[in-house]
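Listed here are the chains, written in short residue letters.
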Amino acid sequence: MTNFKFFIIFFILFISSCSEKIHTNGLSLLQINQMDIKIGEVTKNQIYIKYGPPIFESVFNKNVIYYLSHKSSYLNFNPRETKELVVLEITFNNKNIVKSINKYSEKNAKNVNVSMENTTNKNNQGEFFKQIIDNLKRNNLKN
């Protein structure tokens, strides 16, 4: 009888570990689809009061916030798979009034432009060695 109990417990654990697990981040898809934001009328504070703080506030573009809904699933020993992804990008003008709204799905989420600044690739190796020499000079001055 005790072996039967162990078998039942093992079987329950085995079944539960083999089931698909769904993990949700951010807002629900329904909440994002129901957002009623009018361009040129709504302010950042009104959005915060009505929908809560954003999931991500851009560090590079101070007038851009992001709300997202991400649902992923996985089975044991399998990689995580995205089921649904919606990113809502809201841009504000200097007076914190909505300037534009962009909605991205998992198909075009790579088009989200987090930073407007571009880096230049001018002789990065030369800059690297110049910084090393400058740091060595700086250490010699302290001694």
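Refer to the structure above for everything that follows.
What you see is a predicted model, and the numbers here were worked out from it, not measured in a lab.

Undergrad: Please explain the side chain of Ser 73 as it appears in this structure.
TA: Structurally, the position occupied by Ser 73 is in strand β3 (residues 64-74). Filtering out sequence-adjacent residues up to four positions away, Ser 73 remains in contact with Glu 20, Lys 21, Ile 22, Pro 79, Arg 80, Glu 81 and Lys 83.

Undergrad: Would you take a moment to explain the side chain of Lys 44 for this structure?
TA: Looking at the element boundaries, Lys 44 is found in helix α3 (residues 44-51). Setting aside chain neighbours within four positions, we find Lys 44 in contact with Glu 57, Lys 62, Phe 92 and Asn 96.

Undergrad: Can you help me understand the nonpolar core in this one?
TA: Among soluble globular proteins, nonpolar side chains are generally buried collectively. Among the nonpolar cores identified, the biggest contains 14 residues, and Met 35, Ile 37, Ile 47, Tyr 67, Ile 90 and Val 98 are the most heavily contacted of them. Among residues more than four places away in sequence, those in contact with Ile 90 are Ile 37, Ile 47, Asn 63, Val 64, Ile 65, Tyr 67, Val 98 and Ser 100. Core analysis: the second largest hydrophobic core is formed by 5 residues, Val 64, Tyr 66, Val 87 and Tyr 104 among them.

Undergrad: What is the right way to read the pairing of strand β5 (residues 98-105) from this model?
TA: Residues in a regular strand project their side chains so that they alternate between the two faces of the sheet. With 7 bridges connecting them, strand β4 (residues 81-92) and β5 associate as antiparallel partners. Across the sheet, residue Ile 90 finds its bridge partner in β5, namely Ile 101. Between β4 and β5, which follow one another and run antiparallel, lie 5 residues, and Asn 96 among them has a positive phi close to 60 degrees.

Undergrad: Help me understand the packing of aromatic side chains, please; the structure alone is not making it clear to me.
TA: The way to describe two aromatic rings as a pair is by their centre distance and the angle between their planes. Evaluation of the coordinates by the stated rule reveals 2 aromatic pairs. Between Phe 56 and Tyr 66, the aromatic rings sit 5.6 Å apart at their centres with planes inclined by 40 degrees, giving tilted as the arrangement. Within this pair, whereas Phe 56 is found in strand β2 (residues 56-57), its partner Tyr 66 is found in strand β3, the two being separated by 10 residues in sequence. A relative accessible area of 36% means that Phe 56 is categorised as partly exposed.

Undergrad: Could you clarify how one ought to interpret α3 in this entry?
TA: Spacing of three or four residues puts side chains on the same side of an α-helix, whose turn is 3.6 residues. For α3, the complete set of buried residues consists of Lys 44, Ile 47 and Tyr 51. Along the axis of α3, the buried positions cluster into a sector of 60 degrees, meaning they face one direction only. The outward face of α3, more than 90 degrees from its buried face, is lined by the exposed residues Asn 45, Ile 49 and Lys 50. Phi for Gly 52, located one or two positions after α3, is positive at around 90 degrees.

Rules behind the numbers
Residues numbered from 1 in each chain as written. Predicted model: local features only at pLDDT ≥ 70, side-chain atom pairs only at ≥ 80, totals over all residues. Heavy atoms only, no water. Helix = DSSP H or I, 4+ residues; strand = E, 2+ residues; numbered from the N terminus. Contact = heavy atoms within 4.5 Å. Core = buried A, V, L, I, M, F, W, Y, C linked by side-chain atoms within 4.5 Å. Buried < 20%, exposed > 50% of the residue type's maximum accessible area, 1.4 Å probe, protein only. Pairing = 2+ DSSP bridges. Phe/Tyr/Trp six-rings, centres within 6.5 Å; stacked < 30°, edge-to-face > 60°. Arc of directions from axis to C-beta.

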